[in-house]
Amino acid sequence: MLHRFANPARFMRLSGVLLPWMAGAAIILVAAGLYMGLFVAPADFQQGESVRIMYVHVPNAWMALFSYTAMAVASAVALIWKHPLADLAAKSSAPIGACFTFLALLTGSLWGKPMWGAFWVWDARLTSMLVLFFLYLGYLALYNAFDDPTRGARAAAILALVGFVNVPIIKFSVDWWNTLHQPASVIKMGGPSIDSTMLWPLLLMAIGFNFLYFWVLLLRMRGEIHANKIRMIRLRQVHG
Amino acid sequence: METITNFLEMGGYAVYVWPSYLITAVVLIGALVSSIRFLKRNAETLKALQEEDKGEA
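Residues numbered from 1 in each chain as written. Chains lettered and ligands numbered in written order. Predicted model: local features only at pLDDT ≥ 70, side-chain atom pairs only at ≥ 80, totals over all residues. Heavy atoms only, no water.

K.L.:
Quick rundown of the overall build of chain B? Include the residues and the values.
P.N.:
Per the secondary structure count, chain B includes two helices and zero strands. Along the first, second and third principal axes, the C-alpha set of chain B runs to 70 × 20 × 10 Å. Relative to its full complement of 57 residues, chain B shows a buried share of 30%. A total accessible area of about 3,800 Å² is found for chain B, and carbon and sulfur atoms account for 64% of it. (Helix = DSSP H or I, 4+ residues; strand = E, 2+ residues; numbered from the N terminus. Buried < 20%, exposed > 50% of the residue type's maximum accessible area, 1.4 Å probe, protein only. Areas by Shrake-Rupley, 256 points an atom, 1.4 Å probe, with all protein chains shown as cover.)

Encoded structure:
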């Protein structure tokens, strides 16, 4: 099953078919989410209109964790089965994951200022999220730090796996420590505790961002497959 | 007109709400555009190299 998709030629065909669907779904879902989040959803009875920051902050934060998890799984597959596409998937996940993490930190800070009175506090959720951002940067730096790309890929994959320990720490930080950050209100036992008028725009934005992630991922993986072929042709020209 | 102004004011939180949306849009669209360019650039380089290769063969 796995090796059916291991073939780069087959991947190019399949991803070519999927790309327009990813793009269309991302645009439509984000547009609907923006409309509902800005015009339909009510203001919060405690936080007023500032609650609308949630519709970008939470999807960014979820996608930051999703991208890292995808990167770690792909890295494990690349290390264990030496699957060539898995390595490219992990590498292609990192830049967009770093963007989501940066945005979660930044929008969180813009939400924290009016609600907590500070742009930044060294609390467990915020600090572990900052560590996630550095893990992404470290992964990218390590990947490109070797002359031999396969060595860089291996070292970066190991970092991605070791760093995965941070993902559950981020998720449960609000339960394990006293933090300013509010606890989970959507993904938790007993179902979501926010009203459906706020849940809908949140889910639309989150699923839209998910499609955007796969859109960018496929574009970058296709680009990396070309880059590998370019490298092989150039090597042949030098040695041929 | 007043409703538009009201909307833009975001109940006094405009300086926090709008930058959140704007920066998210700029960064994510930036990531998308740079990925499209990365793919395009590599596709063009590969095509040129393959044609060069054929010419030599």
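After that view of the structure, there is still more to cover.
K.L.:
Go over the nonpolar core, please, and point to the residues and values.
P.N.:
Membership of the largest hydrophobic core comes to 75 residues, with the highest contact counts inside it found for Met54, Tyr68, Phe100 and Trp215 of chain A. Of all the secondary-structure elements, those providing two or more residues to this core are helix H1 (8-40), helix H2 (54-81), helix H3 (84-116), helix H4 (124-143), helix H5 (149-163), helix H6 (166-176) and helix H7 (196-239) of chain A together with helix H2 (14-56) of chain B. Ignoring sequence-local partners within four residues, the contact set of Trp215 of chain A consists of Leu19, Met22, Ala23, Ala26 and Ile27 of chain A together with Leu32 of chain B. (Core = buried A, V, L, I, M, F, W, Y, C linked by side-chain atoms within 4.5 Å. Contact = heavy atoms within 4.5 Å.)

K.L.:
Describe the packing of aromatic side chains, listing the residues and the values that go with them.
P.N.:
Here the structure, examined in full by the defined rule, presents 15 aromatic pairs over all chains. Relative to Phe7 of chain B, the ring of Phe39 of chain A lies with its centre 4.8 Å away and its plane at 15°, an arrangement referred to as stacked. Placement of Phe39 of chain A in helix H1 and of Phe7 of chain B in helix H1 (residues 2-9) is noted, with the two residues assigned to different chains. Judged by centre distance (5.4 Å) and plane angle (90°), the rings of Phe66 of chain A and Tyr213 of chain A are edge-to-face. Of this pair, Phe66 of chain A sits in helix H2 while Tyr213 of chain A sits in helix H7, and the two are 147 residues apart along the sequence. Phe66 of chain A gets classed as partly exposed once you look at its relative accessible area, which sits at 31%. The structure contains a cluster of three or more aromatic residues connected by ring pairs, namely Tyr35 and Phe39 of chain A together with Phe7, Trp18 and Tyr21 of chain B. (Phe/Tyr/Trp six-rings, centres within 6.5 Å; stacked < 30°, edge-to-face > 60°.)

K.L.:
Help me get a handle on the interface of chain A and chain B, residues and values and all.
P.N.:
Taken together, the contact between chain A and chain B spans 41 residues of the former and 30 residues of the latter. Between chain A and chain B, the buried area comes to about 3,100 Å², and carbon and sulfur atoms account for 78% of it. Seen at the junction of chain A and chain B, the total is zero salt bridges. Applying the counting criterion to the chain A and chain B interface returns five residue pairs in polar contact (both at pLDDT 80 or more). The leading source of residues in the side of chain A that touches chain B is H7 of chain A, at 17 residues. In the side of chain A that touches chain B, the residues fall into 24 nonpolar, eight polar and nine charged. (Buried area = accessible area lost by both parts, 1.4 Å probe. Salt bridge = Lys/Arg side-chain N within 4 Å of Asp/Glu carboxyl O. Polar contact = N/O pair within 3.5 Å; in protein donor to acceptor, adjacent residues only side chain to side chain. Nonpolar A, V, L, I, M, F, W, Y, C, P; charged D, E, K, R; others polar.)

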